[in-house]
Amino acid sequence: MSWRRQPVRMVTPWRVLTAAPLLALALVGCAKSEPPAPAAAWQIEATLVGEQRETVEVSIFGLEPAESVESIRLVGPAGESARPVETLEHKRITGGDTLAQPRISVGVLGGSSGHVRSGVGIAVPVFTKRDSGRGVEEGKEVVARIPIPDPESYQRSAAGWRIEIIVGNALGERQVRTLPAPRP
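Remember, predicted model here, so these are calculated numbers, not experimental data.

## A closer look at the pattern of salt bridges
Then step 1. For the structure on display, the rule yields five salt bridges.
Then step 2. Across the pair Glu70 and Arg174 runs a salt bridge, and its minimum N-O distance is 2.6 Å. Placement of Glu70 in strand β3 (residues 68-75) and of Arg174 in strand β10 (residues 174-180) is noted, with a sequence separation of 104 residues between them.
Then step 3. Overall, Glu70 belongs to the partly exposed group, its relative accessible area being 41%.
Then step 4. In this structure, Glu89 engages Lys140 in a salt bridge whose closest nitrogen and oxygen atoms are separated by 3.9 Å. Separated by 51 residues along the polypeptide, Glu89 in strand β5 (residues 86-94) and Lys140 in strand β8 (residues 137-147) bring together distant segments of the chain.

## Description of the sheet that holds β3
Then step 1. Read across the open sheet, the four strands follow the order β4-β3-β9-β10; overall the sheet is antiparallel. Among the strands making up the open sheet, the edge pair consists of β4 (81-82) and β10.
Then step 2. Direction of pairing for β3 relative to strand β9 (residues 162-168): antiparallel, over a ladder of seven bridges. Looking at the pairing, Ser68 lines up with Gly168 of β9.

What counts and how
- Residues numbered from 1 in each chain as written.
- Predicted model: local features only at pLDDT ≥ 70, side-chain atom pairs only at ≥ 80, totals over all residues.
- Heavy atoms only, no water.
- Salt bridge = Lys/Arg side-chain N within 4 Å of Asp/Glu carboxyl O.
- Helix = DSSP H or I, 4+ residues; strand = E, 2+ residues; numbered from the N terminus.
- Buried < 20%, exposed > 50% of the residue type's maximum accessible area, 1.4 Å probe, protein only.
- Pairing = 2+ DSSP bridges.

By themselves, these observations are geometric and do not establish any function.
Written out as structure tokens, the structure is:
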């Protein structure tokens, strides 16, 4: 077997200029055109509270530090809506042996009337709890109380009511979540 030497081809600027746009088009064709699905794993609960069960309490847990609730509304079947009269945002810790240690929390409470209050809470456990083996979960929680505008109408047509939540982040992106309102 004889080895012959092959001629070496020189790369000319013309070949580079021709290949570069073709490579760019190939890479653009491989790119995804739709944004990735949100990885938010919020826990959202809605319950009826009050003596007459005339208020919907919405709790959103698991928000990232850069996320904030921009809007929470209770929307009726005809499109009428109600906003919260008070909203509380605080840090929540669950799981592990968190009940065995004293805790300090700071909260801000605001309503549609323009009044804003802040407070500091200290929780001292009376009974201790041993570690359940679960990990400690920490996150931001927002709790909003929305009075039902027409409780009698809500009783008759609760299936047509829904809760709409809009959460934004530091990049200006918004996510909208809609869930059915709690049944009476």
